[in-house]
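What the coordinates show
Residue-level listing of the chains:
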Amino acid sequence: MEVVTRSDLGGAQSVVINLSNSLCKYHEVIVVAGTEGGGQMGQLLYDNVKQESVKWLRRSVSLKNDLLSLVCLWRLYHKYQPDVIHLHSSKVGILGRLVFPKSKIVYTVHGWPIVSFYLWNVFCKIDVKHWLEYVSMIRKTYWKRRLLTKLGLYIMALKLLK
């Protein structure tokens, strides 16, 4: 099961499309996405990829919509009983960790352009010493995330081979 917040065409959605279209040749694949964004992503998925939409799943924070999304994700989990749940985007990463079993979750970090935006702000507003400390912290975090992503993909591959 691939879960993403928006259904438009963007970075996380293109990863979901490529993964789903590749995996559906040998596995049952379900793509769950919010309706925000127009739904162009669904048009690029192969016919044998099951698509589910969650109309309450949106990028903005809303207690009502987020609670309804949690209920809907919980129902979809019990409907399909997936072996692996791949979460894309920060919002789905948080909601998915609340609903799905930890042993089945794989999370992929998207949105590295945001990091460069923060680096630009840091460079313009803070002296060089603080900027170098910030870059050092980002590099450490990047390598930790990269390692965890590789471990997650390795674990997902082992589960798929069973």
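Relevant structure appears above.
Described in the following lines is the structure provided in the data block. (Residues numbered from 1 in each chain as written. Predicted model: local features only at pLDDT ≥ 70, side-chain atom pairs only at ≥ 80, totals over all residues. Heavy atoms only, no water.)

**A look at the side chain of threonine 5**
- Considering the arrangement of structural elements, one finds threonine 5 in the loop between strand S1 (2-4) and helix H1 (11-23).
- Within the local environment of threonine 5, its side chain forms a polar contact with the side chain of serine 89, the two groups lying 2.5 Å apart.
- Contact partners of threonine 5, with chain neighbours within four places excluded, come to Ala33, Gly34, Leu57, Arg58, Arg59, His88, Ser89, Lys91 and Val92. (Helix = DSSP H or I, 4+ residues; strand = E, 2+ residues; numbered from the N terminus. Polar contact = N/O pair within 3.5 Å; in protein donor to acceptor, adjacent residues only side chain to side chain. Contact = heavy atoms within 4.5 Å.)

**Regarding the pattern of salt bridges**
- The tally for this structure, following the rule as stated, stands at five salt bridges.
- With a shortest N-O distance of 3.5 Å, glutamate 36 and arginine 6 are connected by a salt bridge. Taken together, the residues glutamate 36 in the loop between strand S2 (30-34) and helix H2 (40-43) and arginine 6 in the loop between S1 and H1 connect sequence positions 30 residues apart.
- The partly exposed category is assigned to glutamate 36, whose relative accessible area is 26%.
- For lysine 79, the salt bridge is made with glutamate 52, and the minimal N-O distance between the two is 3.2 Å. (Salt bridge = Lys/Arg side-chain N within 4 Å of Asp/Glu carboxyl O. Buried < 20%, exposed > 50% of the residue type's maximum accessible area, 1.4 Å probe, protein only.)

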